[in-house]
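The chain contents come next:
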Amino acid sequence: SVVLLWLFILLLFFFIRVRRPKNFPPGPRPLPILGNLLQLDPANPLKDLERLKRRYGNVFSLYIGSRPAVVLNGLEVVREALVTRAAEYAGRPTHMMASHIFKGKGIIMANYGSSWRDHRRFALTTLRNFGLGKRSMEERILEEVSHICTELESSAGSSMDPQHLFHLAASNIICSLIFGERFEYDDPVILTLIQRLDEFLKEALGPWAMLYEIIPVLRPLPLPFRNVFHKFDQIKEHIKKVVTKHKNSRVAGEPRDLLDCYLDQIDKTAEEGSTFNDTQMVSLLLDLFLAGTDTTSNTLRSAMLHLMTNQHVQDRCHREIAEVLEGRADASFEDRHAMPYVQATIHEAQRMSDTVPLSVFHTTCSDTQLHSYQLPQGTTVIPNLSSVLHEEGQWKFPHEFNPENFLNEVGEFVKPEAFLPFSAGPRVCLGEGLARMELFLVLVTLLRRFRFVWPEDGGVPDFSLIFGGTQSPKPYRLGVRLRSSERG
Ligand code: HEM
């Protein structure tokens, strides 16, 4: 029977021809079942997408298995879809593994509708300080920054791998905001949660998950891709325990964190039809934790890599920071307006870090158009943010690290329209404000206090990025020097 199955698959390859819908964007010819997957390097498809863009133009199509997807390249096209035609392009796929894991709950994978809208509004307002209790977002970030400094001080004069530290720090900031507590860097509770998430992401990006995507008939079978669902359930159980602890210790109307605010919200909107409930709450908490950890920590690691290998940029940032903060203990986010060079450097680091290169996939909510093409409702849309962040004609130095990309002739900070690391339109990253505040406060505090150097035994710096759910630099060692001891 196995032989018959293979024969059947081979016949499918020869006799079924995949046809693009009428007036659909052009693209490479797909194979039955596999679509165009063999034409993309699974380790990093970005170069292949660049090649296809040069051949077919800024809007082209690809088949992921037997389903067509449209790839959007360059600022003009991405903006036309996500901003000008916002409502038509704001959906999320419902047929992918991520859709089945998240079941359309929470925010990230929720379809464009009332539950997504209610939860997005709730999370944004709560994070913007209208309900975080006594301590603001800024204070919570600064608290974590002081722990990062203590940890780095213990490596002063030598070098360390910053991956673990930045990951835990980013996760602590999110934990502090949503669960009201941070964890010591060796706390087993948070280490277990992070390890589970790591295992989950590895499985979710692995070959079995790919098989799940491209051959839907296999989905009900007990194959190893079931592990991804199992790992996700374990993480959910972990969050549910935190929720129970909160329920037992909360005082209604006196929230300590976003979780308490949500419980208050459930009380307030208990009437029929409300989209706030326990299941949605767990999904929202998970979304924020998942979306807010790797993204920020990978960006910080990229920033450090570029700063270490560009001492003149680091020194100029240090001088500007020292001048603006003279006599003060801590930086505040407001200080960014007085630090044009630092702002330009952080934005440039974020551009080069290219952390979420293909955004989160969208889908069309109705039949729609783009340029002269027709896209049916439900088409998967892949915004290639990486193509915008390095688009020739949009940047003075599209392919190299240079803060001049964000400075005008008189040294003022300017943000080009093509700066879209957080995407654009109604689905723009919900954590943009938080991430920008974190990057600013962490980097300003660290550059004020330390000088970071490429260690003598560090080999040749490698700026290539590892492609995955989010892109990250390869592991490296950070040489740490205390500025004060250098002056002394
Ligand atoms: C969505 C980037 C940090 C929460 C997104 C998207 C991108 C992105 C590209 C997809 C937008 C789209 O679908 O068009 C980044 C980058 C970050 C970062 C580069 C850090 C440097 C954060 C943080 C949080 C967060 C700290 C936590 C609060 C979210 C959520 C969504 C999202 C909830 C889904 C929004 C929706 O579907 O409506 N992010 N993100 N992100 N991000 Fe971030």
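Residues numbered from 1 in each chain as written. Predicted model: local features only at pLDDT ≥ 70, side-chain atom pairs only at ≥ 80, totals over all residues.

Looking at an unreviewed UniProt entry, one finds the protein chain named Vitamin D(3) 25-hydroxylase-like, with Salmo trutta as its source organism. Per UniProt, the protein chain carries the Subcellular location (unreviewed entry) text "Membrane". What UniProt states about the protein chain under its Cofactor (unreviewed entry) heading is, verbatim, "heme". (UniProt positions renumbered as here; feature names shortened; annotations may be inferred.)

K.L.:
Please set out the overall build of the protein chain residue by residue, giving values where relevant.
P.N.:
Looking only at helices and strands, the protein chain features 17 helices and 11 strands. Expected size for 488 residues packed as a compact globule is a radius of gyration near 23 Å; at 24 Å, the protein chain falls within 12% of this value. The buried share of the protein chain, taken over its 488 residues, is 41%. Relative to all contacts within the protein chain whose residues are 6 or more apart in sequence, the contacts with residues 24 or more apart total 71%. (Helix = DSSP H or I, 4+ residues; strand = E, 2+ residues; numbered from the N terminus. Rg over C-alpha atoms; globule rule 2.2 N^0.38 Å. Buried ≥ 20, exposed ≤ 12 C-beta atoms within 10 Å, placed from the backbone. Contact = placed C-beta atoms within 7 Å.)

K.L.:
Which residues make up the site of the ligand, and what are the values?
P.N.:
Near the ligand lie 24 residues; those nearest to it are A291, G292, S423, C429 and G431. Those elements giving two or more residues to the shell around the ligand turn out to be α12 (278–308) and α16 (432–449). Grouping the amino acids of the shell around the ligand by side-chain chemistry returns 13 nonpolar, 8 polar and 3 charged. (Near = placed C-beta within 6 Å. Nonpolar A, V, L, I, M, F, W, Y, C, P; charged D, E, K, R; others polar.)

K.L.:
I'd love a proper account of the nonpolar core, names of residues and values included.
P.N.:
Residues L72, V78, I178, L285 and L443 are the most contacted members of the largest nonpolar core, which totals 102 residues. Here the element with the most residues in this core is α12; it accounts for 14 residues. Residue contacts for L443: discarding those within four places in its chain leaves A303 and I346. If you look at the next biggest cluster of nonpolar residues, it comprises 9 residues, including L197, Y212, F225 and V228. (Core = buried A, V, L, I, M, F, W, Y, C linked by C-beta atoms within 7 Å.)

K.L.:
Help me get a handle on the sheet that holds strand β8 (residues 450–453), residues and values and all.
P.N.:
Pairing within the open sheet is antiparallel, and its 3 strands lie in the order β3-β11-β8. Since the sheet does not close on itself, it has two edges, and those belong to β3 (159–160) and β8, each with one partner. With 4 bridges joining them, β8 and strand β11 (residues 478–482) adopt antiparallel strand pairing. Each residue of the ladder has a partner; that of F450, found in β11, is L482. Contacting β8 and β11, α12 crosses the sheet at an angle of about 80° to β8. (Pairing = 2+ DSSP bridges. Axes fitted to C-alpha atoms, helices over the stretch in contact; angles between N-to-C directions.)

K.L.:
Could you give an account of the packing of helix α13 (residues 311–324) against α16, with specific residues and numbers?
P.N.:
A packed helix pair is summarised by two numbers, namely the angle formed by the two axes and the spacing between the axes. Between α13 and α16, the least distance of the axes is 9 Å, while the angle of their chain directions is 95°. Taken together, the axes of α13 and α16 are roughly perpendicular relative to one another. Residues Q314, C317, H318, I321 and A322 of α13 touch α16, and the partners they reach there are V444, L447 and R448. A breakdown of the residues in the contact of α13 with α16 according to their chemical character gives 5 nonpolar, 2 polar and 1 charged. (Parallel < 35°, antiparallel > 145°, perpendicular 65-115°, else oblique.)

K.L.:
I'd like to hear about the UniProt feature "binding site: heme" (unreviewed entry) in the protein chain, residue by residue, with values.
P.N.:
Feature annotation in UniProt places "binding site: heme" (unreviewed entry) on C429, given in this structure's numbering. As for its placement among the helices and strands, C429 is situated in the loop between α15 (385–389) and α16. Those residues within four positions of C429 in sequence are excluded, and the remaining contacts are F422 and S423.

K.L.:
Could you give an account of the sheet that holds strand β4 (residues 362–363), with specific residues and numbers?
P.N.:
With respect to topology, 4 strands assemble into an open sheet ordered β1-β2-β7-β4, the strand pairing being mixed. At either margin of the open sheet sits one strand with a lone partner, and together these are β1 (59–64) and β4. Across 6 bridges, the pairing between β1 and strand β2 (residues 67–73) is antiparallel. Across the sheet, the residue bridging to L62 is A69, located in β2. Contacts between helix α3 (residues 74–84) and the sheet are confined to β1, β2 and β7 (380–384), with β2 contributing the most and set at about 120° to the helix.

K.L.:
Give me the lowdown on unusual backbone geometry, citing residues and values where you can.
P.N.:
Positioned with a positive phi, S359 is a non-glycine residue whose angle comes to about 50°. As for its placement among the helices and strands, S359 is situated in the loop between α14 (340–353) and β4. The backbone phi angle of H371 is positive, close to 55°, even though this residue is not glycine. Examined against the element boundaries, H371 turns out to sit in the loop between β5 (368–370) and β6 (373–375).

K.L.:
An account of the packing of α14 against α16 is needed here, citing residue identities and associated values.
P.N.:
Relative orientation of the contacting elements α14 and α16 amounts to 115°, with a least axis distance of 11 Å. Handedness of the α14/α16 crossing: right-handed. Across from V342, I346 and Q350 in α14, the residues of α16 making contact are L439, F440, L443 and V444. The residue inventory of the contact of α14 with α16, partitioned by class, reads 6 nonpolar, 1 polar and no charged. (Left-handed = near helix turned anticlockwise from the far one by under 90°.)

K.L.:
Describe in detail the pairing of β11, supporting the description with residues and values.
P.N.:
Both β3 and β11 contribute to a ladder of 2 bridges, which runs antiparallel. From the neighbouring strand, S159 faces β11, where its bridge partner is G479.

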